[in-house]
Amino acid sequence: MSDYAEDTNQTQILGHPIGLFVLFFTEMWERFSYYGMRALLILFLVAKISDDGWGWTRTEAYALYGWYVMLVYFMPLLGGWLADNKWGHVKTVVVGASIITLGHASMAVSDLQVGMDLKFVFYLGLFLIVFGTGLFKPNMSSIVGKMYSPQSKKKDGAYTIFYMGVNSGAFIGTLLVGWIGETFSWTYGFGLAGIFMLFGLLQFYFAREVFGKEATEPKPKVVNLTEEEKKVEVLFTKKDLTIAGIGGFFAISWIVDGLYSVVTRGSHFLAENLFSVDAFGKTIPIDMSTVFFLLSLVVFIYLGLSRLPRYQSIERDRLKVVFIIAFFVIFFWASFEQAGTSMNIFAKDYTNRTLAGDWGLFYKIVDFILSIAPMLVLTWVIYKLGKAIIKKYPLTILFTSISFIIIWCLVIYRVYDKLTGNSVEVDTSWFQILNPVFIISLAPLYSKFWEKYKVSGPQKFFGGLTLLAAGFGMLAIGASTIPPGAATASVSMVWLLLAYFLHTMGELAISPVGLSYVSKLAPARMLGFLFGIWYVFTGLAGKLASIMAEYSDGIAEKVGFSGFFLIFTIIPFVAGLVMLSLNKKIKSMMHGVT
């Protein structure tokens, strides 16, 4: 087995080794399952028991969603470590995909009528998906990079193709899983997500030899550093590890208590109601769990600050920039992730999703194009992949083909259902397909724009946060006609369309830019660790998003939904202004990195 797949005599597709396209479809099915389930989770939890939901309050549903999103981003720290030190990337992906499949299967069977309450199976399914995603998520990206030699000029193009797989899965998963869950059965929706994760696992497993030795085997435990690298390396001392252990204890206690509270619908094993504060129109009790969270933050911030002076000046400055960028990313994702919580409820209960006349016909045409066009492109890619690997990896192309035959049947049936239906009602989950569609459409334009105009990182962040704020500004305007405390309303869906468009434009100015700067600013020996820290900040932002959504009803009762969305208009914009004011300082601290 060659070290790099690029260096073997593999047949190429679009100038890249065939292994890249095996990864493309495996990642696509994992994102299909993740985003499909994400589109349904809140809707299922708040649905009435008579509609086969759980009848939870919005606050309870938001809390579960927040823990789920946070832990999905925390667990890659474990997945990266296991791959690097024990199993290698390929084996870790196989194990992760298997666990994700079991998770979706658990969620699907949890609603069966068998004479006993199977809610614990649902929670088990969520845990398995979180754990499996932690093993899967970081290692797929790593395999892409390790298929190419360090000097390869094809890496950027490879990641672009891979990113298209991510968004293709997000789009198709939300479109089909959301539709099936809302129209037919929540169980069918959750089950469908698991079926295609299984197909992704099988096609990957039977082509696992195609990725090269570098992606398959764990790295050597002993790393031979140069004398220069030894001089700048900052090891963790016993004191550092003790501090990290204390912070970890507080953080894990907070997480376990929070999960216990969700499962028991309000109970805690840590002390409650130590004191209270008034905010967002509500009296907020401060309990021991919150204190533990704050203590964990203080401990880890102290640990980071105590280690910074040990680095050489240039590395120290660049590390400061990484943490500044990661901090401001919290403002972006905490707002952006309202898409899965408050914006989802806004689409369900406060948006007029019934169209008639010319607008109904227009929606049917757009929905038809959005459903069929991506499938045609993906089918062509499968055809090219099949020609290249059918002799050597027949089972891989068999499972890939079967999965797409099923998807085509579902897409055609959905299109037929939408075209022939008497009433035109847009599914609540349909709005969430807009983000991947806009990303696929706009990403090439952004790439050209960054090449033509020299815009600094802080300026890009300002633009991204401002666009995000503008999207929520559209929602604030649209919701201005909804009276405070209203349980339902019927505002135009154009406000949601504009919001998703502007939010996606903001995402393209921040997400890939932030990841790029982490890779450029991080010392090579710390790259994996700092990417892990980046995901931790993203996970905290997801949890913060759900906490803010939990107070949406209280805020809406006082100032209406318009006032709630106005918060997300003001805070990201102010954060963007602060980032812009730091432009010169940050550029100087980057020491030539652009």
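Here is what the cut-offs are and how they apply
- Residues numbered from 1 in each chain as written.
- Predicted model: local features only at pLDDT ≥ 70, side-chain atom pairs only at ≥ 80, totals over all residues.
- Heavy atoms only, no water.
- Helix = DSSP H or I, 4+ residues; strand = E, 2+ residues; numbered from the N terminus.
- Rg over C-alpha atoms; globule rule 2.2 N^0.38 Å.
- Buried < 20%, exposed > 50% of the residue type's maximum accessible area, 1.4 Å probe, protein only.
- Contact = heavy atoms within 4.5 Å.
- Areas by Shrake-Rupley, 256 points an atom, 1.4 Å probe, with all protein chains shown as cover.
- Expected span 1.5 Å × (residues − 1).
- Bend = angle between axes of the 7 residues up to and from the residue.
- 1 Å grid on protein atoms, 1.4 Å probe; cavity = no way out; pocket = protein on both sides within 12 Å on 5 of 7 lines; lining within 4 Å.
- Points joined across faces, edges and corners; volume = space filled by probe spheres on them.
- Nonpolar A, V, L, I, M, F, W, Y, C, P; charged D, E, K, R; others polar.
- Salt bridge = Lys/Arg side-chain N within 4 Å of Asp/Glu carboxyl O.
- pLDDT = per-residue confidence, 0-100.
- Axes fitted to C-alpha atoms, helices over the stretch in contact; angles between N-to-C directions.
- Parallel < 35°, antiparallel > 145°, perpendicular 65-115°, else oblique.
- Left-handed = near helix turned anticlockwise from the far one by under 90°.
- Core = buried A, V, L, I, M, F, W, Y, C linked by side-chain atoms within 4.5 Å.
- Phe/Tyr/Trp six-rings, centres within 6.5 Å; stacked < 30°, edge-to-face > 60°.

Okay, the overall build of the protein next. Counting secondary structure elements, the protein contains 21 helices and six strands. Over its C-alpha atoms the protein spans a radius of gyration of 24 Å, differing by no more than 12% from the 25 Å that the globule rule assigns to 594 residues. On the principal axes, the C-alpha backbone points of the protein span a range of 70 × 65 × 55 Å. Going through the 594 residues of the protein one by one, you find that 54% of them count as buried. Pairs at least 24 apart in sequence give 81% of the contacts found in the protein among residues at least 6 apart. Accessible area of the protein: about 26300 Å², with a carbon and sulfur share of 66%.

On to helix α1 (residues 18-46), then. The end-to-end C-alpha distance of α1, which contains 29 residues, comes to 44 Å, matching closely the 42 Å that a straight helix rising 1.5 Å per residue would cover. Maximal helix bending in α1 amounts to about 30°, located at Leu40. Among the 29 residues that make up α1, 28 are buried, leaving the element largely enclosed by the rest of the structure.

Taken as a whole, the second largest pocket encloses approximately 510 Å³ of empty space. Lining the second largest pocket are 24 residues, and of these Leu43, Ala47, Asp51, Trp186 and Lys348 lie nearest its centre. Among the secondary structure elements, those contributing two or more residues to the lining of the second largest pocket are α1, α6 (155-183), α7 (186-205) and α13 (342-349). Tallied by class, residues from the lining of the second largest pocket come to eight nonpolar, five polar and eleven charged.

Attention now goes to the pattern of salt bridges. Summed over the entire model, instances satisfying the criterion amount to eleven salt bridges. Linking Asp349 and Arg58 is a salt bridge whose minimum nitrogen-to-oxygen distance equals 3.0 Å. You can see Asp349 sitting in helix α13 and its partner Arg58 sitting in helix α2 (residues 58-74), a full 291 residues away along the chain. For the pair Asp349 and Arg58, a shared accessibility class is recorded, and that class is buried. Between Arg58 and Asp553 there is a salt bridge; the shortest N-O distance is 3.0 Å. On the criterion of sequence distance, the pair formed by Arg58 in helix α2 and Asp553 in helix α20 (residues 552-581) is long-range, its members being 495 residues apart. Because the salt bridges share partners, they merge into one network encompassing Arg58, Lys348, Asp349 and Asp553.

Here we take up the confidence of the model for the protein. Taken residue by residue, the protein gives an average pLDDT of 85. The fraction at 70 or more is 91%. Within the protein, no element has a lower average pLDDT than helix α9 (residues 227-232), which sits at 63, and none a higher one than helix α17 (residues 457-478), at 94.

Right, let's talk about the packing of helix α10 (residues 238-263) against helix α11 (residues 288-307) for a bit. Close contact between α10 and α11 brings their axes to 8 Å; oriented N to C, the two are set at 155°. Classed by the angle they form, the pair α10 and α11 counts as roughly antiparallel. Relative to α11, α10 is oriented so that their crossing is left-handed. When the residues that make up the contact of α10 with α11 are grouped by side-chain class, the tally is 14 nonpolar, six polar and four charged.

Moving on: the environment of Asn167. By the secondary structure assignment, Asn167 is in helix α6. Residue classification places Asn167 among the buried positions, given a relative accessible area of 5%. Dropping the residues within four chain positions of it, Asn167 is found in contact with Pro436, Ile439 and Ile440.

The next point concerns the environment of Val574. With respect to the helices, strands and loops of the structure, Val574 is situated in helix α20. As a C-alpha pair, Val574 and Thr466 span 108 residues in sequence and 8.6 Å in three-dimensional space.

Okay, the nonpolar core next. Counting residues in hydrophobic clusters, the biggest one holds 181 residues, and the most contacted among them are Tyr68, Phe211, Phe346 and Phe565. With 19 residues, α1 is the single largest residue contributor to this core.

The next point concerns the packing of aromatic side chains. All chains considered together, the criterion is met by 54 aromatic pairs. A ring pair is formed by Trp29 and Phe196, whose centres lie 4.9 Å apart and whose planes are at 35°; its orientation type is tilted. On the criterion of sequence distance, the pair formed by Trp29 in helix α1 and Phe196 in helix α7 is long-range, its members being 167 residues apart. In this pair, the class of Trp29 matches that of Phe196, namely buried.

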